[in-house]
Amino acid sequence: MDIAVLGTGRVGSALGIRWAQKGHRVFYGVRDPQSEEFQSLLDRSGPNAAVMSVQDAAAAGQAVLLAIPWDVTREVLDSLGPLNDKILIDCINPLTGNLKGLQLGFATSAAEQIAQWAPTATVVKAFNTVSDATMVNPWYRDQPATMFYCGDDEAAKAVIRQLTEDLELEPVDAGPLVNARQLEPLAALYVYLAIFGGWGGDCAFKIVKR
Ligand SMILES: NC(=O)c1ccc[n+]([C@@H]2O[C@H](COP(=O)([O-])OP(=O)(O)OC[C@H]3O[C@@H](n4cnc5c(N)ncnc54)[C@H](OP(=O)(O)O)[C@@H]3O)[C@@H](O)[C@H]2O)c1
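Not measured: the values here are computed from a predicted model. (Residues numbered from 1 in each chain as written. Predicted model: local features only at pLDDT ≥ 70, side-chain atom pairs only at ≥ 80, totals over all residues. Heavy atoms only, no water.)

Enquirer: How would you summarise the site of the ligand if you had to cite specific residues and measurements?
Expert: Around the ligand lies a shell of 21 residues, among which Thr 8, Val 11, Arg 31, Ile 68 and Asp 132 are the nearest. Here an oxygen atom of the ligand and a backbone polar atom of Thr 8 are 2.9 Å apart. At 2.7 Å from an oxygen atom of the ligand is found a main-chain nitrogen or oxygen belonging to Ile 68. When the free accessible area of the ligand is taken as 900 Å², the share hidden by the protein chains comes to 74%. The cavity where the ligand resides is the largest pocket. (Near = heavy atom within 4 Å. Polar contact = N/O pair within 3.5 Å; in protein donor to acceptor, adjacent residues only side chain to side chain. Areas by Shrake-Rupley, 256 points an atom, 1.4 Å probe, with all protein chains shown as cover. 1 Å grid on protein atoms, 1.4 Å probe; cavity = no way out; pocket = protein on both sides within 12 Å on 5 of 7 lines; lining within 4 Å. Sits in = over half its atoms within 2 Å of the grid points.)

Here you go:
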């Protein structure tokens, strides 16, 4: 699949490298495509990856991963061309500056805001409850970490499920997009545990069943 990865920080590089290594074509969207700084990322991604402007990457991808901070999300979305028929993968956590809470919740979520700002795209909330370390290596002993996702379009969710399995994470369908109001606080709990609770980034949520 052709995947635009907007942002090449911890999440963009973790997911981009693994998808490219799995055979997907990955278009990294960056602010300065001419910069030499992306060579190492391209080397680690292999022949299926390219670096280009944020706008060109979004135009090239069938799926578009927003691996950018919440505070710039609207401005970046507004700068993109038409997103018709594209799946917008939202892994964003709208954390407060001190990382101890969320900027919004209860009556909406980042995912629902993004769906309003990009009405022609199909938004799926995914990858927001796992750390970048878990994206790189999802295995905890002999069990893969759980990756919750939610959205209103079953076909788009099937694509996300496959992209999750490609990473060897365990996909769990968490229902409609409105349930991002549950997944974003879950991620805030994760951030609390990882940063302030002494757990670090090498831990993950796992759903178990009898
Ligand atoms: N880190 C995690 O474990 C984790 C896990 C789940 C979800 N998330 C979410 O994933 C998102 C990315 O997190 P991260 O940890 O990868 O952040 P990060 O390492 O700080 O990377 C952010 C990326 O966004 C780019 N960016 C910033 N402003 C931009 C703009 N105006 N236009 C285009 N690109 C811009 C940055 O590019 P420059 O280098 O040019 O600044 C950088 O590549 C966040 O919303 C976060 O809540 C993070």
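Moving on from the model shown.
Enquirer: Report on the sheet that holds strand S1 (residues 2-6), specifying residues and quantitative values.
Expert: Hydrogen bonds between backbone groups are what pair the strands of a sheet, and the pairing can be parallel or antiparallel. Across the sheet, eight strands lie side by side as S3-S2-S1-S4-S5-S6-S9-S10; this open sheet has mixed pairing. Edge positions in the sheet fall to strand S3 (49-53) and strand S10 (170-173), since each has one partner strand and no second. Strand-to-strand twist in this sheet, taken as the mean axis angle between neighbours without regard to direction, amounts to 25°. As paired elements, S1 and strand S2 (residues 25-30) share five bridges and run parallel to each other. Following the sheet pairing, Ile 3 is matched in S2 by Val 26. Sheet contacts for helix H1 (residues 10-21): S1, S2, S3, strand S4 (63-66) and strand S5 (87-90); angle to S2, the most-contacted strand, approximately 155°. Of the strands in this sheet, S5, strand S6 (122-126) and strand S9 (146-151) are in contact with helix H8 (residues 180-196), which crosses S9 at around 150°. (Pairing = 2+ DSSP bridges. Helix = DSSP H or I, 4+ residues; strand = E, 2+ residues; numbered from the N terminus. Axes fitted to C-alpha atoms, helices over the stretch in contact; angles between N-to-C directions. Contact = heavy atoms within 4.5 Å.)

Enquirer: Describe the layout of surface pockets, with residues and values.
Expert: Once rolled over the atoms, a probe with the size of a water molecule shows which space is left empty. Its volume calculated, the largest pocket comes out at about 1,300 Å³. Arg 10, Val 11, Ala 67, Ile 68 and Pro 69 are the residues nearest the centre of the largest pocket, which is lined by 47 residues in total. Only H1, S2, helix H3 (54-60), helix H4 (73-79), helix H6 (132-136) and H8 provide two or more residues apiece to the lining of the largest pocket. The leading source of residues in the lining of the largest pocket is H8, at five residues. In terms of residue class, the lining of the largest pocket is made up of 25 nonpolar, 15 polar and seven charged. (Points joined across faces, edges and corners; volume = space filled by probe spheres on them. Nonpolar A, V, L, I, M, F, W, Y, C, P; charged D, E, K, R; others polar.)

Enquirer: Pulling in residues and values, what's your account of the pattern of salt bridges?
Expert: Scanning the model with the defined rule gives nine salt bridges in all. Linking Asp 78 and Arg 74 is a salt bridge whose minimum nitrogen-to-oxygen distance equals 3.9 Å. Here the residue Asp 78 and the residue Arg 74 both occupy positions in helix H4, the gap between them amounting to four residues, near one helical turn. By relative accessible area, which is 52% here, Asp 78 ends up exposed. The class for Arg 74 is partly exposed, based on a relative accessible area of 45%. Its salt-bridge partner being Lys 206, residue Glu 170 comes within 3.2 Å of it at the nearest N-O pair. Note that Glu 170 is positioned in strand S10 and Lys 206 in the segment after H8, a separation of 36 residues in sequence. Note on Glu 170: relative accessible area 24%, which makes it partly exposed. (Salt bridge = Lys/Arg side-chain N within 4 Å of Asp/Glu carboxyl O. Buried < 20%, exposed > 50% of the residue type's maximum accessible area, 1.4 Å probe, protein only.)

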